Amino acid sequence: MAPERSTVLFEISPGQGEPSLRFVALPEGLTVSSVDGRSVGSVTVDLASASIQRRASQGRRGLLARAVLRSAEEEPSVVWDVTAGLGRDAMTLALLGCRVVAFERDPFLGMLLLDGHRRALAASGDIAAAAGRLTIRIEDSRGALLQAIDRSQRPDIVLLDPMFPEGKGRAAVKKEATLIRLLVGEGANIQQDEELFSLAMKVATERVVVKRSLRAPPITESLQPEATFSGKSVRVDRYRVRS
């Protein structure tokens, strides 16, 4: 069997004492991993992954779908995912028919996301169609939200998935989360999360949806969600926008 072809593009050093990260072009897509190849695993954005398609196949039964989707008789929602990360939630909603704008402020994570989106657009069938309903914007979503406050064309729904505090979890999940924290240079920030939520409540025309770890407190103490949908390790809180 022929060896796997790869091209090292560049390396970055997140900080003193942290493992250096290497960006490599592989047949399966742009990949970031630790230079030592072991300490924090690797990440490639795959918007056609089995996990995304499995979540989308649940239809309206999925946690995110129950919090976001309108009734079947209504037009699909316009959703702004203001903390896009690896794009899994954004692509899941696009597969469910929503028109999604996904914001990622970190340029390195944005490179991975754009590469995954490019490959999804070049796919076929439902994946390509969903990718066509998904727009990627590499910018701080706070600026976009501020600009949208006084505009007539605003998203129906704003989705937030703040970075979870470090905790227990499956080894593979912890490695991926650690790598992302190294990449973006920061961890969970409660104050920033609450500020982003406040902006989202001013911009969304229908609701704001927030993903949290199952036992995490609400994103704000000043407002209770109108509904909560809980899974094994994650819950989704839905807030109705005041008219």
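These lines cover the structure that appears in this document, whether it is placed above or below. These numbers were taken from a predicted model, which means no experiment stands behind them. (Residues numbered from 1 in each chain as written. Predicted model: local features only at pLDDT ≥ 70, side-chain atom pairs only at ≥ 80, totals over all residues. Heavy atoms only, no water.)

Re the sheet that holds strand β3 (residues 29-34)
Strand pairing in a sheet relies on backbone hydrogen bonds. The paired strands run either parallel or antiparallel. The strand order across the open sheet built from four strands is β1-β2-β3-β4, with neighbouring strands paired in antiparallel fashion. Strands with a single pairing partner mark the edges of an open sheet, and in this sheet they are β1 (7-12) and β4 (42-44). The sheet shows a mean angle of 20° between the axes of neighbouring strands, taken without regard to direction. Of the strands in this sheet, β1, β2 (21-26), β3 and β4 are in contact with helix α4 (residues 107-121), which crosses β3 at around 145°. (Pairing = 2+ DSSP bridges. Helix = DSSP H or I, 4+ residues; strand = E, 2+ residues; numbered from the N terminus. Axes fitted to C-alpha atoms, helices over the stretch in contact; angles between N-to-C directions. Contact = heavy atoms within 4.5 Å.)

Brief notes about the packing of helix α3 (residues 88-95) against helix α5 (residues 125-132)
Two elements in contact, α3 and α5, have axes whose closest approach is 8 Å; the angle formed by their N-to-C orientations is 110°. Classified by the interaxial angle, the pair formed by α3 and α5 is roughly perpendicular. Touching M91, A94 and L95 of α3 are D126, I127, A130 and A131, all from α5. Here the residues of the contact of α3 with α5 sort into six nonpolar, no polar and one charged. (Parallel < 35°, antiparallel > 145°, perpendicular 65-115°, else oblique. Nonpolar A, V, L, I, M, F, W, Y, C, P; charged D, E, K, R; others polar.)

A closer look at the pairing of strand β6 (residues 99-103)
The side chains of a regular strand alternate between both faces of the sheet. The buried count for β6 comes to four of five residues, which makes it a mostly enclosed element. Sheet analysis places strand β5 (residues 78-81) next to β6, joined by four bridges and oriented parallel. The residue of β6 that forms the bridge with V79 is V100. Handedness of the β-α-β unit built from β5, α3 and β6 comes out right-handed. Here β6 runs beside strand β7 (residues 134-137); their pairing, made up of four bridges, is parallel. Counterpart to V101 in the pairing with β7 is T135. (Buried < 20%, exposed > 50% of the residue type's maximum accessible area, 1.4 Å probe, protein only. Right-handed = clockwise from strand over helix to strand, strands pointing away.)

Structural notes on the packing of aromatic side chains
Going through the model one piece at a time under the given rule, you end up with five aromatic pairs. On the numbers, 6.0 Å between centres and 40° between planes, the contact of F10 with F108 is tilted. Pair noted here: F10 is in strand β1 and F108 is in helix α4, with a separation of 98 residues, a long-range link. F10 gets classed as partly exposed once you look at its relative accessible area, which sits at 25%. Overall, the relative accessible area of 27% leaves F108 in the partly exposed class. With a centroid separation of 4.8 Å and 65° between ring planes, the pair formed by F197 and Y239 is classed as edge-to-face. In this pair, F197 is assigned in helix α8 (residues 190-203) and Y239 in strand β11 (residues 234-240), connecting sequence segments 42 residues apart. The class for F197 is buried, based on a relative accessible area of 4%. (Phe/Tyr/Trp six-rings, centres within 6.5 Å; stacked < 30°, edge-to-face > 60°.)

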